[in-house]
Amino acid sequence: MAERAFIVATLISCGVPARDSADVTQAVVLGAWKAIEAGRYRPDPAANARQVLRWWLRGVAWRQATHYLESAYVRYEVLHHEPLGFLRQVVGLNLEAQLQARAEMEALLALWQMPLWAREVLALAALGHEGTEIASVLHLHRGTAVSRLRRARKLLARMHKRKGGR
């Protein structure tokens with residue numbers, strides 16, 4: 001225990017908070033004691049005994065600090081009446097965004113269930129093409145392209161209504 005201040009200084013330099021240094025110091029002393037009893041501390045008799053002990057305790061303290069800082073029980077909870085107030089950014093989608101995403105997903109699923117010809121004309125119409133341009137891209141007569149577009153829109157509206165269209 002004569003080296004307690006040295007151990008505490010080593011722990012704090014390793015990142016152990018001062019509030020927890022007493023607990024980790026106890027673990028260091030206990031670990032060192034067990035290591036000495038097990039015969040793992042074998043200093044050179046010719047060297048300065050205190051300096052060798054300090055270097056060895058520094059290694060024990062460093063290992064204990066590492067284990068302590070990586071353990072789950074170091075994490076602690078802060079109780080606050082508005083914990084989300086600590087956050088610097090939004091943590092998830094708001095309810096409106098979730099509802100909009102769900103509606104868009106349902107629309108995409110309905111579109112995917114449509115026949116290929118209907119998807120083609122609706123996709124081209126969504127890109128801003130009109131009947132003549134759709135006919136040109138799909139190599140159809142203008143009347144056929146306009147008719148397919150009208151039928152595809154009706155089919156999409158019917159599918160949307162059947163799903164409980166919102």
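Up top you'll find the structure we're talking about.
No experiment lies behind these values; they were computed from the predicted model shown.

**Section: the side chain of Thr10**
Tracing the chain through its elements places Thr10 in helix 1 (residues 4–13). Among the residues examined, Thr10 registers a relative accessible area of 8% and is labelled buried. If sequence neighbours within four positions are ignored, Thr10 has contacts with Arg58 and Ala61.

**A closer look at a positive patch on the surface**
A cluster of like positive charges, contributed by Arg150, Arg151, Lys154, Arg158 and Arg162, occupies part of the molecular surface. Mapped onto the fold, Lys154 is located in helix 7 (residues 142–162).

**Section: the pattern of salt bridges**
Tallying each qualifying case throughout the model produces three salt bridges. Note that Glu3 is salt-bridged to Arg50, the shortest N-O span being 2.7 Å. Here Glu3, found in the segment before helix 1, pairs with Arg50, found in helix 3 (residues 49–70); they are 47 residues apart in sequence, far enough to count as distant. Relative accessible area serves as the criterion here: at 8%, Glu3 is assigned to the buried category. Of the residues examined, Arg50 reaches a relative accessible area of 47% and is grouped as partly exposed. One salt bridge in this structure joins Glu3 and Arg54, with 2.8 Å as the shortest N-O distance. In this pair, Glu3 sits in the segment before helix 1 while Arg54 sits in helix 3, placing the two residues 51 residues apart along the sequence. For Arg54, a relative accessible area of 27% gives the class partly exposed. Bridged by salt links that share partners, the residues Glu3, Arg50 and Arg54 form one connected network.

**Quick look at the packing of helix 5 (residues 116–126) against helix 7**
Contact pair helix 5 / helix 7: the axes reach a minimum separation of 9 Å and the direction vectors enclose 100°. Judged by the inter-axis angle, helix 5 sits roughly perpendicular to helix 7. On helix 7, the residues touching Trp117, Ala118, Val121, Leu122 and Ala125 of helix 5 are Arg148, Leu149, Arg151, Ala152, Arg153 and Leu156. Among the residues forming the contact of helix 5 with helix 7, the class breakdown is eight nonpolar, no polar and three charged.

Here is what the cut-offs are and how they apply
- Residues numbered from 1 in each chain as written.
- Predicted model: local features only at pLDDT ≥ 70, side-chain atom pairs only at ≥ 80, totals over all residues.
- Heavy atoms only, no water.
- Helix = DSSP H or I, 4+ residues; strand = E, 2+ residues; numbered from the N terminus.
- Buried < 20%, exposed > 50% of the residue type's maximum accessible area, 1.4 Å probe, protein only.
- Contact = heavy atoms within 4.5 Å.
- Patch = residues over 30% accessible without salt bridge, like charges linked within 9 Å, V, L, I, M, F, W, Y side chains within 5 Å.
- Areas by Shrake-Rupley, 256 points an atom, 1.4 Å probe, with all protein chains shown as cover.
- Salt bridge = Lys/Arg side-chain N within 4 Å of Asp/Glu carboxyl O.
- Lys, Arg positive; Asp, Glu negative; His and termini not counted.
- Charge placed at Lys NZ, Arg CZ, Asp CG, Glu CD.
- Axes fitted to C-alpha atoms, helices over the stretch in contact; angles between N-to-C directions.
- Parallel < 35°, antiparallel > 145°, perpendicular 65-115°, else oblique.
- Nonpolar A, V, L, I, M, F, W, Y, C, P; charged D, E, K, R; others polar.

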